[in-house]
Amino acid sequence: MLKQKKETIINEEAIDLTRRPRRNRKSAAIRALVQETRLHPSSLVAPFFMIEGNNTRQEISSMPGVDRISIDLAVKEAAALYALGIRAIDLFTVVSSEKKDYRGSEALNPNNLLTRTIRAVKKEVPEMCVMVDVALDPFTDHGHDGVVDENGNIINDATLRVLGDMSSLCAGAGADIIAPSDMMDGRVGYIRHQLDNEGFTEVSILSYAAKYASSFYGPFRDALHSAPKFGDKKTYQMNPANSREAMLECSLDEWEGADMLLIKPALPYLDIIAKAREQTELPIAAYHVSGEYAMIMAAAQNGWIDGDRVLMESLISIKRAGATFILTYGAKKAAELIRKEFPY
Ligand code: PBG
């Protein structure tokens, strides 16, 4: 009975339809031919969480697949990523609580973990582009991105001076790109001038232009033990409800001399990425942040989604929205999948 019904349906005469968009999806070959956006390992940036020690690796429970690693392992990992086609890494350091203070002095220690990592990677894998996240939160005992006064206010201009010095320290150690993530006013211009005055005219600035006060940063703060000890970051990071303000931040950073602009987080802010893409000719980066990554991994571990496919779909969506390149904890995984001819 059922079979008979099915046959009558498929044997019916074709309806006269001029437009059949499905023709462009009829085979894998045609789907590949008409694909508008592609992911390549060279448009992915892998963040590294650095710790002291030798051959030392610590798992981060809220970020399965991402470890804190010592310098020797970071050098090996950089070489492995390079072989997979990844061309940039972004460095973060875990600072022990004894070294943290209210103004983040360890950020300016010329021999801190950050500068040692930059030097080691640039020595062993010189072709790899090394980015450095410049902000004070891993270094301050209160966990804020800037210098704090006795009333708990984050002081803009005093912070710029420290960020300027931290940037030249990293440039001197060999960093290719300085990535200020603090959201203080005027820091791009300030850092650009300081770098130029000290002869680092070749060092680029990737500005975290529109960085939102997001709850998606939770696992990252676990990774670095950098959660704010009081208050929140709403007086410097942006209100998630705002979009025009993000365009203002992008214009100011471009005008102050940023070489590239970054939007963060990524997936919940695709509209901001798309708008920024319309507004500027600069490359746009997107940061697919720790919470976005953790959600994929957690659901995948529960068997609720296919983690690899959801990762790739997230990354291609970010690219489609207008990102030129993407910082993601899934960089290595994605590069491996691309090599296996995953259809993105
Ligand atoms: C530091 C910084 C943060 C992230 C990148 N740089 C945390 C924060 O601003 O609180 C978040 C990255 C992530 O969640 O993956 N300023």
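Our subject is the structure listed above.
Predicted model only: the values in this text are computed from it and were never measured.

All right, on to the site of the ligand then. Close to the ligand lie 18 residues; Asp145, Lys211, Arg221, Lys264 and Tyr329 are nearest. At a separation of 2.9 Å, an oxygen atom of the ligand approaches a polar side-chain atom of Gln237. A total of 400 Å² of accessible area belongs to the ligand in isolation, and the protein chains cover 100% of it. Here the shell around the ligand is built from residues that sort into eight nonpolar, three polar and seven charged.

Time to look at helix α5 (residues 156-173). An α-helical turn contains 3.6 residues, so a residue and the one three or four places further along point in the same direction. An ideal rise of 1.5 Å per residue puts 26 Å on 18 residues; α5 measures up with 26 Å between its terminal C-alpha atoms. For α5, the set of buried residues is Thr159, Leu160, Val162, Leu163, Gly164, Met166, Ser167, Ser168, Cys170, Ala171 and Ala173. In this structure, the buried residues of α5 make contact with α4 (113-124), β5 (129-134), β6 (147-148), β7 (154-155), β8 (177-180) and α6 (187-197).

Time to look at the pairing of strand β1 (residues 44-50). Across a regular strand the side chains alternate sides, sitting on one face of the sheet and then on the other. Counting buried positions along β1 gives seven out of seven residues, so the element sits mostly inside the fold. Where burial is concerned, the two faces of β1 agree: the one with Leu44, Ala46, Phe48 and Met50 and the one with Val45, Pro47 and Phe49 are both buried. Here β1 pairs with strand β12 (residues 325-328) via two bridges, running parallel. By the bridge assignment for β12, Leu44 is matched with Ile326. Here β1 pairs with strand β4 (residues 88-93) via six bridges, running parallel.

Turning our eyes to something else, we now look at unusual backbone geometry. With omega at -10°, the peptide bond leading from Lys264 into Pro265 counts as cis. For Pro265, the position within the fold is in the loop between β10 (260-264) and α9 (270-279). The backbone phi angle of Met183 is positive, close to 65°, even though this residue is not glycine. You can see Met183 is positioned in the loop between β8 and α6.

Here is what the cut-offs are and how they apply
- Numbers given for residues are sequential positions, taken from 1 along each chain in its written order.
- Local features in this predicted model are restricted to residues of pLDDT 70 or higher, and side-chain atom pairs are both shown and tallied only at a pLDDT of 80 or more, whereas totals for entire chains, interfaces and linings draw on every residue.
- No hydrogens and no water enter the side-chain calculation; it runs on all heavy atoms of the structure.
- Throughout, the term near means that a residue has one or more heavy atoms lying within 4 Å of the molecule or strand in question.
- Polar contact is the term for a pair of N or O atoms within 3.5 Å; when the atoms are in protein, one must be able to donate a hydrogen and the other to accept it, and sequence-neighboring residues count only if both atoms are side-chain atoms.
- To measure how exposed things are, a 1.4 Å probe is used in the Shrake-Rupley method; for residues, cover is taken only from the protein chains shown.
- In this classification, the charged set is Asp, Glu, Lys and Arg, the nonpolar set is Ala, Val, Leu, Ile, Met, Phe, Trp, Tyr, Cys and Pro, and all remaining amino acids, among them Gly, are polar.
- A run of H or I in DSSP becomes a helix once it reaches four residues, and a run of E becomes a strand once it reaches two; helices and strands are each numbered from the N terminus.
- The span expected for a helix works out to 1.5 Å for each residue beyond the first.
- Burial classification: accessible surface area is computed with a 1.4 Å probe over protein chains only, and a residue below 20% of its type maximum counts as buried, one above 50% as exposed, and the rest as partly exposed.
- Whether two residues are in contact is decided by their heavy atoms, any of which lying within 4.5 Å being enough.
- For two strands to count as paired, DSSP must find a minimum of two bridges between them.

By themselves, these figures tell us nothing about what the structure is for.
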